[in-house]
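Close look at the chain arrangement
Read off the chains here:
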Amino acid sequence: MGLVGEADGMTRTTPFDTKVDRYEQWFETHPAAYRSEVAALKRVCPPVDAGLAVGVGTGRFAAPLGIDRGVDPSRPMLRRAYRRGIEPIQGVGEALPVADSAVDVALLVTSICFLDDRSAAFEELRRVLMPESALLIGFVDAESPLGQRYQRETDNPFYQDAEFVTTTTLIEELQTAGFTVDATVQTLFEPPTALDSPDRVEDGHGEGSFVVLRARPD
């Protein structure tokens, strides 16, 4: 499988390159939490025609939303996403190898905390998004119980280099970048390990650990 957008000079790596199986195992071990997150995303996701997942990982979230293109710096992750029907594009959010005005729904799930420059990424997202399009960002709020736990777990290989952000800060940054947030939902009111069935999805933020923002370019 060749990767769209791959370049011999690309040296950027991610902490996920050698831990794809361990990443996938989390979702297998916590299916109720995963289904809760997908339900929250579906609550605010408009119909998708030309979608793009940024930080697509293995395609766990793009596939159920009908998004069939994904950008990620990690080749091993992209290979797994390809198996889920995702067109793999090697790249980073701050320099998307995607044409102007080519995307109607852009998706970032648990990837906002790994961007080196959120402002640059938002500028790129504005460039690739069509008029009347939507940006969906799913993330663990830095102030939530789960966010606090992840920040304490310095030995967690997936979050050692993560920069968690609060919902309030992210909304302010999106507004500064020229987006209007028109929907906010939350889930994971209980720890993932405590869930035997999917958690509820509610409007707003401040109680659930997993938050989804839908934003529109101004």
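Quick notes on the rules
- Residues numbered from 1 in each chain as written.
- Predicted model: local features only at pLDDT ≥ 70, side-chain atom pairs only at ≥ 80, totals over all residues.
- Heavy atoms only, no water.
- Helix = DSSP H or I, 4+ residues; strand = E, 2+ residues; numbered from the N terminus.
- Rg over C-alpha atoms; globule rule 2.2 N^0.38 Å.
- Buried < 20%, exposed > 50% of the residue type's maximum accessible area, 1.4 Å probe, protein only.
- Contact = heavy atoms within 4.5 Å.
- Salt bridge = Lys/Arg side-chain N within 4 Å of Asp/Glu carboxyl O.
- Phe/Tyr/Trp six-rings, centres within 6.5 Å; stacked < 30°, edge-to-face > 60°.
- Lys NZ or Arg CZ within 6 Å of the ring centre and 35° of its normal.
- Pairing = 2+ DSSP bridges.
- Right-handed = clockwise from strand over helix to strand, strands pointing away.

Looking at the overall build of the protein
Across its full length, the protein holds six helices and eight strands. For the protein, the sequential pattern of α-helices and β-strands runs α-α-β-β-α-β-β-α-β-α-α-β-β-β. Here the C-alpha radius of gyration of the protein, 16 Å, is about what a compact globule of 218 residues would show, namely 17 Å. The C-alpha extent of the protein, read off along each of the three principal axes, is 45 × 40 × 30 Å. Counting all 218 residues of the protein, 55% fall into the buried class. Partitioning the intrachain contacts of the protein with sequence separation of at least 6 by distance along the chain shows that 69% fall at a separation of at least 24.

Let's talk about the pattern of salt bridges
Under the definition given, this model contains 15 salt bridges. In the salt-bridge network here, residues are joined through shared partners; they are Asp-21, Glu-24, Glu-28, Arg-60, Arg-80 and Arg-84.

So, unusual backbone geometry
Trans peptide bonds make up most of the peptide bonds, and negative phi angles are found at most residues other than glycine. With a phi close to 50°, Ser-101 is a non-glycine residue in the positive phi region. Looking at the secondary structure, you find Ser-101 in the loop between strand S3 (87-90) and strand S4 (103-109). Phi at Leu-188 takes a positive value of approximately 60°, unusual for a residue other than glycine. One can find Leu-188 in the loop between strand S6 (179-187) and strand S7 (202-203).

Some remarks on the packing of aromatic side chains
Applying the stated criterion across every chain, the model contains seven aromatic pairs. Measuring from ring centre to ring centre gives 5.8 Å for Phe-27 and Phe-61, while their planes differ by 75°; the resulting arrangement is edge-to-face. With Phe-27 in helix H1 (residues 20-29) and Phe-61 in the loop between strand S1 (51-54) and strand S2 (69-72), this pair connects stretches of sequence that are 34 residues apart. Among the aromatic side chains, those forming a connected cluster through ring pairs are Tyr-23, Trp-26, Phe-27, Tyr-34 and Phe-61. In this structure, Arg-126 is placed above the aromatic ring of Phe-179, and the distance from its NZ or CZ to the ring centre is 5.9 Å. The ring of Phe-189 carries Arg-200 above its face, with NZ or CZ at 3.8 Å from the centroid.

Observations regarding the pairing of S2
Burial along S2 is two-sided: the residues Arg-69 and Val-71 and Gly-70 and Asp-72 are all buried. Bridge analysis of S1 against S2 gives two bridges, and the strand direction is parallel. Within S2, the position partnered with Ala-53 by the bridge is Gly-70. As paired elements, S2 and S3 share four bridges and run parallel to each other. Bridge pairing links Gly-70 to Pro-88 in S3. You can see the chain leave S2, run along helix H3 (residues 75-83) and come back into S3, and the turn it takes is right-handed.

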